[in-house]
Amino acid sequence: MKKKTILLIFFSVILIGAIIWCVNAPYREVNLNDNLQTIQKAETCISVHELYKDKEWDTMIVIKPYDNHTASNEKIDMGYAGDRDAILDNTLFDSICTLLFIKDNKLVAFSSIYRNVIDFNSLGKTTYNGTDKIRIINKIATDC
């Protein structure tokens, strides 16, 4: 009886620890839809930095549909493995482009953008500095 109680307490502590660890995992996906709608209304060239201002970043990487090579780039420190899995899963769908916001080769945030909201598939390159300029017209992002 005493052995069962000790085992039950031990596994309960392990389970509670795992739950706390999962809740505190730094999942970094952000929703940019409202900001993108506002930017689209301007119909002018904007700096890429306008897309996401909540945290500091220096590089934006655009992952287009089926581009799992860029998504699996090991040079980018994704930190939490769930972020890399979510980003890789997005490459399987024709309907999603993913924007990665990077600082010093570490993932700061990412956003999954449905192409019917804004289509980033027409951009000419995959890597942008914060000062590079793009334009969003008729739900399509293009280089300026």
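Residues numbered from 1 in each chain as written. Predicted model: local features only at pLDDT ≥ 70, side-chain atom pairs only at ≥ 80, totals over all residues. Heavy atoms only, no water.

**Q** For this particular structure, what's the right way to read the sheet that holds strand β6 (residues 133-137)?
**A** As a general point, the strands of a sheet are linked pairwise by backbone hydrogen bonds and lie either parallel or antiparallel. Ordered by their spatial adjacency, three strands build an open sheet running β1-β6-β7, and the pairing between neighbours is antiparallel. Every interior strand has two partners, whereas the edge strands, β1 (46-47) and β7 (140-143), have only one. The pairing of β6 with β7 spans four bridges and is classified as antiparallel. Within β7, the position partnered with isoleucine 136 by the bridge is alanine 141. (Pairing = 2+ DSSP bridges. Helix = DSSP H or I, 4+ residues; strand = E, 2+ residues; numbered from the N terminus.)

**Q** Which parts of the structure should I look at to understand the nonpolar core?
**A** Side chains that are nonpolar tend, in soluble globular proteins, to be buried together. In terms of nonpolar packing, the biggest core is built from 24 residues, with Leu51, Met60, Leu99, Phe101 and Phe120 touching the most fellow members. When contributions to this core are tallied by element, the ones reaching two or more residues are α2 (33-42), β2 (59-63), β3 (96-103), β4 (106-114) and β6. Of all hydrophobic cores here, the second largest spans ten residues; its members include Ile63, Ala86, Ile102 and Phe110. (Core = buried A, V, L, I, M, F, W, Y, C linked by side-chain atoms within 4.5 Å. Buried < 20%, exposed > 50% of the residue type's maximum accessible area, 1.4 Å probe, protein only.)

**Q** Looking at this structure, how should I read the environment of threonine 142?
**A** Of note, threonine 142 is situated in strand β7. The partly exposed category is assigned to threonine 142, whose relative accessible area is 30%. Between the C-alpha atoms of threonine 142 and lysine 125, which are 17 residues apart in sequence, the distance is 9.9 Å. With sequence-adjacent residues up to four places away left out, threonine 142 is seen in contact with Ser122, Leu123, Ile134 and Arg135. (Contact = heavy atoms within 4.5 Å.)

**Q** Where do I start with the sheet that holds β4 in this structure?
**A** If you walk across this open sheet you meet the four strands as β4-β3-β2-β5, and the pairing is antiparallel. In the strand order of this sheet, the two ends are held by β4 and β5 (127-129), each with one partner. Pairs of neighbouring strands in the sheet enclose a mean axial angle of 20°, with direction left out of account. Summarising the sheet, β2 and β3 pair through five bridges and their orientation is antiparallel. Bridge pairing in β3 places isoleucine 63 opposite threonine 98. (Axes fitted to C-alpha atoms, helices over the stretch in contact; angles between N-to-C directions.)

From the geometry alone we can't say anything about function, so treat these as descriptive.
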